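# Report on the structure
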Amino acid sequence: MKYKQFQDISLSRLGFGNMRLPEKNGRINREKASAMIDRAMRGGVNYYDTAWMYHGEDSETFLGEVLPQYPRDSFYLATKFNIGFNPDYRHVFETQLKKLKTSYIDFYLIHSITDSTIHPYVDDGSVAYFIEQKRQGRIKHLGFSCHSSVEALKWFVEQYDWEFAQLQLNCFDWLYSHTRQEYEVLEQHNIPIMVMEPVRGGRLARLTPEAEALLRGAHPDWSMASWMFRFVQSLPQVQTILSGMSTMEQVEDNLRTFDDDQDFTSADRDLLFQAMDMFKDQMQVPCTACRYCCDDCPMGINIPEYLRLYNKYKVDGDWGLKPQLDAVESTSPPSECLSCGSCTGHCPQSIDIPTIMTEMGEKFFAQ
């Protein structure tokens, strides 16, 4: 495992994101997830990221069951406060300590700052509260995660002495979004970056056949996910790269990537960018399957899965798609969408979900 110094500690370059753990009957599959955590620990991963709302507020509880079997100084915990899910920051923090069975959080984040939440975080006193918790030693390092405009990010980083930031960073967004400008803002302020969505919720682990052939021709032993991790790891300001692993196979593949000392060259970078150009037209909706849209959907629509199939429909047409749509595990189909907007209020990607659900309902679920 590769490591990088963060202040006076050494963090693994690979971090374990606990948002997409394997499930059974709608809950975290404790047996499989525990085995994955154990393999990651034995493989040298020492950074474990979670949040209040992950897995229906069960992710922190799960880590509180699993991680105490390892020495407390062998891993670093990261969790978050999101004002949109529970604004009672005092209650959230105290509950998180209990759920995680710890007296302190190593890396605490103001979660998912956006242009609409950035001032409420400051005005409601939560930032000041967490600064005080840091002073008391109950938080070791204080940072934030960002889904805002570049201008809002510039404002926020100048308000406090942030120790780190978590940024959605991958080669696709680097080329076609404003991620590079966000990176440069943090670089100018010398703020280390914890990377989220390096494979865009798994979307970049499967490219078009032509794009995959191009990359495999250069490195047959690199998975598509490995290409994405290697690019992000090559950026100097990046500290730790989170992977929301769902299977043991993903754990093993990631450990191989972060054990490999082979350089990611400028030629590799150019080839990856060429593959992204080839792939770009396939990415119609930038969903990362974070599932923030799901919890408050009054109709219980499995929005991320329908968006995944929507992308497939836009690329490949509707041939053979209806059986896949019918097989989606969802309380209601897209045609039952009320267009209430609850989902869009939680979507970090600002996707117009009701419009897409309406389109899918009319196309595939009309009576």
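Quantities reported herein were computed from a predicted structural model and do not represent experimental measurements. (Residues numbered from 1 in each chain as written. Predicted model: local features only at pLDDT ≥ 70, side-chain atom pairs only at ≥ 80, totals over all residues. Heavy atoms only, no water.)

### Regarding the overall build of the protein chain
Within the protein chain, the regular secondary structure consists of 17 helices and twelve strands. Relative to the 2.2 N^0.38 estimate, which gives 21 Å for 367 residues, the radius of gyration of the protein chain is 20 Å and therefore close to what a compact globule would have. For the protein chain, the spread of C-alpha atoms along the three principal axes comes to 60 × 50 × 45 Å. Taken across its 367 residues, the protein chain has 55% of its residues classed as buried. Counting 36 positive and 51 negative side-chain charges, the protein chain places the centres of these two groups 4 Å from one another. (Helix = DSSP H or I, 4+ residues; strand = E, 2+ residues; numbered from the N terminus. Rg over C-alpha atoms; globule rule 2.2 N^0.38 Å. Buried < 20%, exposed > 50% of the residue type's maximum accessible area, 1.4 Å probe, protein only. Lys, Arg positive; Asp, Glu negative; His and termini not counted. Charge placed at Lys NZ, Arg CZ, Asp CG, Glu CD.)

### As for the environment of R72
Take R72: it is sitting in the loop between α3 (59-66) and β7 (76-81). Taking relative accessible area as the criterion, R72 reaches 23% and is therefore assigned partly exposed. For the pair R72 and T102, spaced 30 residues apart in sequence, the C-alpha to C-alpha distance is 8.6 Å. Aside from chain neighbours lying at most four places away, what touches R72 is L77, T102, Y104 and D106. (Contact = heavy atoms within 4.5 Å.)

### Description of the packing of helix α1 (residues 30-42) against α3
Each pair of packed helices can be described by the angle between their axes along with the distance between the axes. Remark: α1 packs on α3, axes separated minimally by 11 Å, with the N-to-C direction vectors making an angle of 60 degrees. For the pair α1 and α3, the sense of crossing is right-handed. Across the interface between the two elements, R30, A33, S34 and I37 of α1 pack against T61, F62, L63, E65 and V66 of α3. Classifying every residue of the contact of α1 with α3 gives five nonpolar, two polar and two charged. (Axes fitted to C-alpha atoms, helices over the stretch in contact; angles between N-to-C directions. Left-handed = near helix turned anticlockwise from the far one by under 90°. Nonpolar A, V, L, I, M, F, W, Y, C, P; charged D, E, K, R; others polar.)

### Looking at the sheet that holds strand β8 (residues 105-113)
In a beta sheet, neighbouring strands pair by backbone hydrogen bonds and run either parallel or antiparallel. The strand order around the closed barrel formed by eight strands is β3-β6-β7-β8-β9-β10-β11-β12, and the pairing between neighbours is parallel. Looking at each pair of strands side by side, their axes are set apart by 30 degrees on average, direction ignored. Two elements, strand β3 (residues 14-17) and strand β12 (residues 238-243), share three bridges in a ladder whose sense is parallel. Bridge pairing in β12 links F16 to S243. In the packing of helix α9 (residues 179-188) onto the sheet, contacts are made with β9 (139-146), β10 (164-168), β11 (193-196) and β12, and the angle to β10 comes to roughly 175 degrees. (Pairing = 2+ DSSP bridges.)

### Describing helix α10 (residues 209-218)
Buried within α10 are the following residues: A211, E212 and L215. Projected down its long axis, α10 shows its buried positions confined to an angular sector of 95 degrees, all on one face. Residues of α10 that are exposed and point over 90 degrees away from its buried face: P209, E210 and G217. Residues of α10 that are buried in the fold lie against α11 (224-233) and α13 (266-279). (Arc of directions from axis to C-beta.)

By themselves, these figures tell us nothing about what the structure is for.
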